[in-house]
Amino acid sequence: MVMAIAALLVSFTLSATEPTAKTEKDMKSIIVYFTHSGNTELAAKKLAEVTGSPIVRLLPSEPYTAADVDWVNEQSRCTQEHLNQTLRPAIKPLDVDFSQYDTVFIGFPIWWHEEPAVIRTFLDNTDLKWKELYPFCTSYESPMSEADATLQKGYPDLKWHTGLRLPASVDQIKEWISR
Ligand SMILES: Cc1cc2nc3c(=O)[nH]c(=O)nc-3n(C[C@H](O)[C@H](O)[C@H](O)COP(=O)(O)O)c2cc1C
C-alpha cells in the first residue's frame, strides 16, 4: 500500500513537471531574435522561411545607439555589459505564450565572442525549461561555438542544441534542425 502511494506520488510529480512526449507533428517552434544592424533579422527571416515558425524580435527598452556599440571605447555600454557579466539590460515585454512552443530558436549578433546581454535578460525572464533550444548567430568571423559555450555555462539547466552561424544554405539549416 505504501509502495503504491509512493509510486502514485512519483508519477504525479513527474507529470506535473515534465511534458508528455509529443510526436514531431505536434512540435511547435518559434524564432526569437535580437538584432542591432539588421544581419540577424535577415538570418531569422531565412530561418522562418525554412521552418515555417513565427518570428519575434527582442527589443531593448533603451535602444543601443552608435556610441553604445563602440567596442573600442572601454566606457561604452556594450563594453561595460561585456566586462560586467551580471548586467541585464531591460527588454520590452514579448506578447508570446511560450508554453505553446516546444522548440525555441534564439538568434543574436555575436558581441565580444558571445551572446549580447539582452539575450541573458530574455533567458533569465522566460520559462524555457524542457524546451529544445537552438541558438543561432551572425558575426564578422567568430564561430558559433564560443557562444554555445557561454550559453551552456551560463544556463546549464536548459536543453541546448549546438548552434548555427548564419547565413547558411537551406540544406545546412535543415540538417542542423534534424540533428
Ligand atoms: C559591440 C559589438 C561587438 C562585436 N563583437 C564581435 C566579435 O566578437 N566577433 C565577431 O566576429 N563579430 C563581432 N561583432 C560583429 C557582429 O557580430 C556582426 O556585425 C553581426 O552580424 C551584427 O548583427 P546585427 O546586424 O544583427 O546586429 C560585434 C559587433 C558589435 C556591435
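Refer to the preceding data block for the structure.
A quick note: this is a predicted structure, and the numbers were derived from the prediction, not measured.

Trainee: What should I look at first to understand the pattern of salt bridges in this one?
Mentor: This structure, assessed with the given rule, holds eight salt bridges. Here Asp 124 ties to Arg 88 by a salt bridge, and the two come within 2.6 Å at their closest N and O atoms. In this pair, Asp 124 sits in helix 4 (residues 117-124) while Arg 88 sits in the loop between helix 3 (77-83) and strand 3 (103-109), placing the two residues 36 residues apart along the sequence. Glu 114 serves as the salt-bridge partner of Arg 120, at 3.0 Å between the closest nitrogen and oxygen. Like Arg 120, the residue Glu 114 is buried in the burial classification. If you follow the salt bridges from partner to partner, you end up with Asp 68, Arg 77 and Glu 81 in one network.

Trainee: What am I meant to see in the layout of surface pockets here?
Mentor: Any space left empty among the atoms is revealed by the rolling of a water-sized probe across them. Of the volumes computed, that of the largest pocket is approximately 570 Å³. What lines the largest pocket is a set of 19 residues, among which Trp 71, Ile 110, Trp 111, Trp 112 and Tyr 140 lie closest to the centre. Counted by class, the lining of the largest pocket contains eight nonpolar, ten polar and one charged residues.

Trainee: Can you walk me through the site of the ligand in this structure?
Mentor: Of all residues adjacent to the ligand, which total 19 residues, the nearest are Thr 35, Ser 37, Thr 40, Ile 110 and Ser 142. His 36 places a polar main-chain atom, nitrogen or oxygen, 2.7 Å from an oxygen atom of the ligand. A distance of 2.7 Å is found between an oxygen atom of the ligand and a side-chain nitrogen or oxygen belonging to Thr 138. Contact with the protein chains hides 91% of the accessible area of the ligand, taken as 650 Å² for the molecule alone. The pocket occupied by the ligand, as judged from atoms lying within 2 Å of grid points, is the largest pocket. Looking at the shell around the ligand residue by residue, the classes come out as eight nonpolar, ten polar and one charged.

Trainee: Is there a simple way to think about the packing of aromatic side chains in this case?
Mentor: The description of an aromatic ring pair rests on the distance of the ring centres and on the angle between the ring planes. Applying the stated criterion across every chain yields a total of eight aromatic pairs. Between Phe 105 and Trp 176 the ring centres are 5.7 Å apart and the planes differ by 55 degrees, which places this aromatic pair in the tilted class. One end of the pair, Phe 105, is in strand 3; the other, Trp 176, is in helix 6 (residues 170-178), and 71 residues separate them in sequence. You'll find Phe 105 and Trp 176 in the same group, each marked buried. Three or more aromatic residues joined by ring pairs form one cluster here, namely Phe 34, Tyr 64 and Trp 111. We note Lys 28 situated over the ring of Tyr 101; from NZ or CZ to the ring centre the distance is 5.1 Å. For the cation-ring pair, Arg 77 lies above Tyr 64, with the distance from its terminal atom to the ring centre recorded as 3.6 Å.

Quick notes on the rules
Residues numbered from 1 in each chain as written. Predicted model: local features only at pLDDT ≥ 70, side-chain atom pairs only at ≥ 80, totals over all residues. Heavy atoms only, no water. Salt bridge = Lys/Arg side-chain N within 4 Å of Asp/Glu carboxyl O. Helix = DSSP H or I, 4+ residues; strand = E, 2+ residues; numbered from the N terminus. Buried < 20%, exposed > 50% of the residue type's maximum accessible area, 1.4 Å probe, protein only. 1 Å grid on protein atoms, 1.4 Å probe; cavity = no way out; pocket = protein on both sides within 12 Å on 5 of 7 lines; lining within 4 Å. Points joined across faces, edges and corners; volume = space filled by probe spheres on them. Nonpolar A, V, L, I, M, F, W, Y, C, P; charged D, E, K, R; others polar. Near = heavy atom within 4 Å. Polar contact = N/O pair within 3.5 Å; in protein donor to acceptor, adjacent residues only side chain to side chain. Areas by Shrake-Rupley, 256 points an atom, 1.4 Å probe, with all protein chains shown as cover. Sits in = over half its atoms within 2 Å of the grid points. Phe/Tyr/Trp six-rings, centres within 6.5 Å; stacked < 30°, edge-to-face > 60°. Lys NZ or Arg CZ within 6 Å of the ring centre and 35° of its normal.

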